[in-house]
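# A look at the structure
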Amino acid sequence: MSTELVTMNIGPIHPSTHGVFRMRVTFDGETIIDAEPIIGYLHRGSEKLAEERTYTQIVTLTDRMDYTASMTNNQAYILSVEKLAGIKPAERGVWLRMIAAELQRIAAHSVAIGFLINDLGAWHTPLLYLLREREKILELFEMMCGARITNSYLRPGGVFMDAPEEFWPSLNRFLDEMPERLNDIENLLTDNEIIVSRTQNVAVLDKEDAINASITGPMLRASGVDWDLRHRNPYDFYDKVSFRRPLGTVGDNNDRYLVRLHEIRESLKIIEQCLDLIEPGPIKPDEVPFLVRPDEGDSYVPIEAPKGELGFYLVSDGGISPFRCHVRAPSLMNLTLLRDMVIGYKIADLFVTFGSVDVNMGEVDR
Amino acid sequence: MTKELTGNEIKSTINDKFHELIISIENDHLVIKNDNEKLLDFFNSLKNDNKYNLLSSVTSVDYMSKFVVVYHLTSIEKNESIVIKIPCGESRIEPSIISVTSVWRGAELQEREIYDLMGIYFHNHPNMKRLLLWENFDGHPLRKDFVS
């Protein structure tokens, strides 16, 4: 039975919108028949700001894009600058930023899972368990570079300071404890009847549709496509470590949750391998100047950020700041199919699906 | 490793009938003519015949003398990537190009972003309006001659 259609505004200020996301949704009763995302409430013009800053100063702008994954933002930007300017990074610096990037992936996936469960109505208990683990990572970051969220840790050629001595035992303690904590979380959530019945076969995303809509990262892998840039296009030293790529089979909200959970375990394995391979040495080559001045040209180096393919398209005109700096933001692209994914489902599935897409508004709007 | 094709390699992979569209062959990319009629066929052929099924990124650069739209395409099967550049809007008055949203859905939001910030109009786009800024905003901030 059809009822009179109701169009409703949701957001931008709403606890479940993970920032300032807004949607105009049309309902027939409780069923969604149309949804239009409206974005731009956190637009700060980062790409324009980058055009008047030096290459090193822009690192601080990248922190503020996906603010749950600053380290990987730094990494994507720095790799692009290094390619543009032909800088060869120091080995220890690369290992340090790989450790930082994988810790960041664990932190970002913890936030993603925690808030997804929060959106499902499990108020705060699982979220706080996950945020407690993330807090330990933030403390590790604080030791590494003095900052917790907006790290600005990477520099062209490596990182700006070596990790202090007390960092290594703390990291080892974290690596020892985390698998146990993950087991707790998995026992609590994965087979939970409510979670399973609310997420299985909801908002199924087909393989072909996902590729066609430029969807990348855990969302694409949940749909069963084995595409991880760390494996297919190894940047930094990812060719020297081995890890599995968890894949989904159905492409529903449950698969997206499971892929992220399993990726945390793989990240822990990568960090352990990094610890075996890292050796003392310089963290940055001495010859890298403070003012990087690349020759005319452009570069784009995509990396596997926690949310998907992240890349900076930089154009240089030979000056001390980029002529153009474009960010290929995975969060924005992953929103392309949100409308198609939620149509036909109930209002209660809307935010669960939105949570499983895992967008960060700082990155969507830039 | 994802293989980044050089300009010459890209030329040899694309269908011969599109060779007339090539303006120049560069080190790491191909420069293509902004031809409203044949461009869509060209992109369809890249996607279906050459298996470049993932549109990594669409963006644009304002060189003052012209605008350039830059396409980064990836083939998941072949693990290859190519770069295509299309110059448009030499006169700076209403630059426009055909939308590739019908080929890759992934272009939908990116093309809206380009229109919003750089002012390049995409023909046949299903929903060509501003993405990040508000409707009555005057000008396109990423243009080099934008004065705030």
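Residues numbered from 1 in each chain as written. Chains lettered and ligands numbered in written order. Predicted model: local features only at pLDDT ≥ 70, side-chain atom pairs only at ≥ 80, totals over all residues. Heavy atoms only, no water.

The subject of this paragraph is the packing of helix H4 (residues 91-119) of chain A against helix H5 (residues 125-145) of chain A. All names here are of chain A. The interhelical angle for the contact between H4 and H5, taken along N-to-C directions, is 160°, at an axis separation of 9 Å. Regarding the angle of H4 to H5, the classification is roughly antiparallel. Classified by chirality, the crossing of H5 by H4 is left-handed. Of the residues contributing to the contact of H4 with H5, the split by class is 17 nonpolar, 4 polar and 1 charged. (Axes fitted to C-alpha atoms, helices over the stretch in contact; angles between N-to-C directions. Helix = DSSP H or I, 4+ residues; strand = E, 2+ residues; numbered from the N terminus. Parallel < 35°, antiparallel > 145°, perpendicular 65-115°, else oblique. Left-handed = near helix turned anticlockwise from the far one by under 90°. Nonpolar A, V, L, I, M, F, W, Y, C, P; charged D, E, K, R; others polar.)

So, about the packing of aromatic side chains. In total, this model carries 15 aromatic pairs over all chains according to the counting rule given. For the pair A:Phe167 and A:Trp168, a centre-to-centre distance of 5.0 Å together with 85° between the ring planes defines the contact as edge-to-face. For A:Phe167, a relative accessible area of 0% puts it in the buried group. Ring centres 6.3 Å apart and planes at 20° place the aromatic pair B:Phe137 and B:Phe146 in the stacked group. (Phe/Tyr/Trp six-rings, centres within 6.5 Å; stacked < 30°, edge-to-face > 60°. Buried < 20%, exposed > 50% of the residue type's maximum accessible area, 1.4 Å probe, protein only.)

This part takes up a negative patch on the surface. Among the surface-exposed residues, A:Asp206, A:Glu208, A:Asp209 and B:Glu77 lie close enough to one another that they form a single negatively charged patch. Structurally, A:Asp209 is set in helix H8 (residues 207-212). (Patch = residues over 30% accessible without salt bridge, like charges linked within 9 Å, V, L, I, M, F, W, Y side chains within 5 Å. Areas by Shrake-Rupley, 256 points an atom, 1.4 Å probe, with all protein chains shown as cover. Salt bridge = Lys/Arg side-chain N within 4 Å of Asp/Glu carboxyl O. Lys, Arg positive; Asp, Glu negative; His and termini not counted. Charge placed at Lys NZ, Arg CZ, Asp CG, Glu CD.)

Each pocket or cavity is described by its volume, and for the largest pocket that value is around 440 Å³. Lining the largest pocket are 20 residues, with A:Leu79, A:Tyr235, A:Asp236, A:Val301 and B:Met1 positioned closest to its centre. Secondary structure elements with two or more residues in the lining of the largest pocket: helix H3 (70-85) and H4 of chain A. In terms of residue class, the lining of the largest pocket is built from 11 nonpolar, 2 polar and 7 charged. (1 Å grid on protein atoms, 1.4 Å probe; cavity = no way out; pocket = protein on both sides within 12 Å on 5 of 7 lines; lining within 4 Å. Points joined across faces, edges and corners; volume = space filled by probe spheres on them.)

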